[in-house]
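Below are the chains, spelled out letter by letter.
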Amino acid sequence: PLPDFGITIGYGHHWQDKDEGNDNGWSLLTSAYYDVTKSTRLKAAFQRNIRFPSIRQLYEEPSGDPLLKPERAYLFQVGVEQQLPGKTKLGLTGFHTTAKNFIQKDDASNMNKNYAEYRYQGIELSAETCIVPQLLARASYTYMDSKDKSSPDRDEFQYTPAHRFTLEGKYDFDFGLTPYFALAYVADQYTYTKSSVSPTQKMKMEDFVLVNVKLTQKIMKNKWSLYIGVDNLFDENYETSYGYPQRGRYLYGGIEFRI
């Protein structure tokens, strides 16, 4: 509505029909920004999201429960973006999310169930620069404080890291070659003993670092691309859920054609 002020509003309505009863719910998005100066932008947003249980969560044997309720989440964000010389941008965002009826498998019964309420809040710092022509570099750090309000025996929501740092970059050579690099550091995530074990014990999971690399070569006026990459370059042994090791070093390659 104004040269330095913008606003977005969106609404959605959703239905799920099943033999055990029908569910419906609404979602809402509102966001706004204000450019204090040509290089400084303030922004804020609110979202109400709804997610219905999946077919697997409803009916898969033996963990499915056809009476699961939809998840609801309320998200608030406020932040600032600052443009700097050299095509560089910095960002700071604070967020607060409350999730109700969150669906997760109960360790004791091995059944999917709705948990009353989870709360997430924290900050994210980000930086992006193209100060060197043809080079793009990004970095971000997220601190997240989580709270499991559905259980008096738990503090943090399990498998939710408190610290996450990412770094990525790519360089586009004039002859069509693009090397890409990405690093992710994840720290301070926890798991808990099964609810059948009393008292509940909290255990810190191992921190880990993942490195991915990729090379892409464009040919024939950029219509064809040949690529090869490695995920988890250093074959890190890590878990994001207790007892479920993630994939080790993974080598891939391919050819892509664009019309």
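The structure under discussion appears in the preceding block.
Since the structure is predicted, the reported quantities are computational estimates derived from the model, not experimental observations.

Here we take up the pattern of salt bridges. Scanning the model with the defined rule gives 14 salt bridges in all. Here Glu71 ties to Arg51 by a salt bridge, and the two come within 2.9 Å at their closest N and O atoms. With Glu71 in strand 4 (residues 71-84) and Arg51 in strand 3 (residues 40-51), the pair connects residues that are 20 residues apart, well separated along the chain. The partner of Asp172 in a salt bridge is Lys170, and the shortest N-O contact between them spans 3.1 Å. When its relative accessible area of 29% is taken as the criterion, Lys170 is described as partly exposed.

The subject of this paragraph is the side chain of Asn232. Within the fold, Asn232 resides in the loop between strand 13 (224-231) and strand 14 (239-241). Only 2.7 Å separates the side chain of Asn232 from the backbone nitrogen of Glu236, close enough to count as a polar contact. Excluding anything up to four places from it in sequence, Asn232 contacts Leu210, Val211, Asn212, Tyr238, Arg247, Gly248 and Arg249.

Okay, unusual backbone geometry next. Only a minority of non-glycine residues have a phi that is not negative, and only a minority of peptide bonds are not trans. Looking along the chain, the bond that leaves Glu61 and enters Pro62 is cis, with omega of 0°. Counting through the fold element by element, Pro62 comes out in the loop between helix 1 (55-59) and strand 4. Unusually for a residue other than glycine, Met220 sits at a positive phi of about 50°. Here Met220 is to be found in the loop between strand 12 (208-219) and strand 13. You can call Met220 exposed: its relative accessible area is 58%. With a phi angle near 70°, Asn222 is a residue other than glycine that sits in the positive phi range.

On inspection of all chains with the given rule, the structure shows nine aromatic pairs. Both rings, one in Phe173 and one in Phe175, keep their centres 5.3 Å apart while their planes meet at 25°; by these two values the pair is stacked. A relative accessible area of 35% means that Phe173 is categorised as partly exposed. Note on Tyr250 and Tyr252: the rings are 6.1 Å apart at their centroids and 25° apart in plane angle, and the pair reads as stacked. An aromatic cluster is built from Tyr171, Phe173 and Phe175, whose rings are joined through pairwise contacts. Over the ring of Tyr227 we find Lys214, and its NZ or CZ is 4.9 Å from the ring centre. Sitting over the face of the ring of Tyr250, Arg247 holds its NZ or CZ atom 3.9 Å from the ring centroid.

With that settled, consider the environment of Leu29. Positionally, Leu29 belongs in strand 2 (residues 23-37). Along the primary structure Leu29 and Tyr11 are separated by 18 residues, whereas in three dimensions their C-alpha atoms are 6.5 Å apart. Here Leu29 is in contact with Thr8, Ile9, Gly10, Phe46 and Gln47, once residues within four sequence places are set aside.

Right, let's talk about the pairing of strand 5 (residues 88-105) for a bit. Strand direction decides the pairing type here: strand 4 and strand 5, joined by 13 bridges, are antiparallel. Bridge pairing links Ala73 to Ala99 in strand 5. In this structure, the hairpin formed by strand 4 and strand 5 is closed by a connection of three residues, where Gly86 is found at a positive phi of approximately 80°.

Looking now at the sheet that holds strand 16 (residues 250-257). Across the sheet, which stays open at both edges, the 12 strands sit in the order 1-2-3-4-5-6-7-8-9-12-13-16 with antiparallel pairing between neighbours. Here the strands that pair on one side only, and so sit at the sheet edges, are strand 1 (5-16) and strand 16. Each strand axis lies, on average, 15° off the axis of its neighbour in the sheet, ignoring direction. Sheet analysis places strand 8 (residues 163-171) next to strand 9 (residues 177-187), joined by eight bridges and oriented antiparallel.

On to the nonpolar core. Listed in full, the five residues of the largest apolar core are Ala99, Tyr115, Tyr118, Tyr120 and Phe157. The dominant element in this core, judged by the number of residues it contributes, is strand 6 (residues 112-129), at three residues. Apart from the residues within four sequence positions on either side, Tyr118 is in contact with Thr97, Thr98, Ala99, Phe102, Gln104, Lys147, Asp148, Lys149, Ser150 and Phe157.

Another point: a nonpolar patch on the surface. On the surface, a cluster of nonpolar side chains totalling about 780 Å² of accessible area is made up of Ile219, Met220, Trp224, Leu226, Ile255, Phe257 and Ile259. For the nonpolar patch, the secondary-structure elements that each account for two or more residues are strand 13 and strand 16. One can find Leu226 in strand 13.

Reading the values: the criteria
Residues numbered from 1 in each chain as written. Predicted model: local features only at pLDDT ≥ 70, side-chain atom pairs only at ≥ 80, totals over all residues. Heavy atoms only, no water. Salt bridge = Lys/Arg side-chain N within 4 Å of Asp/Glu carboxyl O. Helix = DSSP H or I, 4+ residues; strand = E, 2+ residues; numbered from the N terminus. Buried < 20%, exposed > 50% of the residue type's maximum accessible area, 1.4 Å probe, protein only. Polar contact = N/O pair within 3.5 Å; in protein donor to acceptor, adjacent residues only side chain to side chain. Contact = heavy atoms within 4.5 Å. Phe/Tyr/Trp six-rings, centres within 6.5 Å; stacked < 30°, edge-to-face > 60°. Lys NZ or Arg CZ within 6 Å of the ring centre and 35° of its normal. Pairing = 2+ DSSP bridges. Axes fitted to C-alpha atoms, helices over the stretch in contact; angles between N-to-C directions. Core = buried A, V, L, I, M, F, W, Y, C linked by side-chain atoms within 4.5 Å. Patch = residues over 30% accessible without salt bridge, like charges linked within 9 Å, V, L, I, M, F, W, Y side chains within 5 Å. Areas by Shrake-Rupley, 256 points an atom, 1.4 Å probe, with all protein chains shown as cover.

This is a description of form; function is not addressed.
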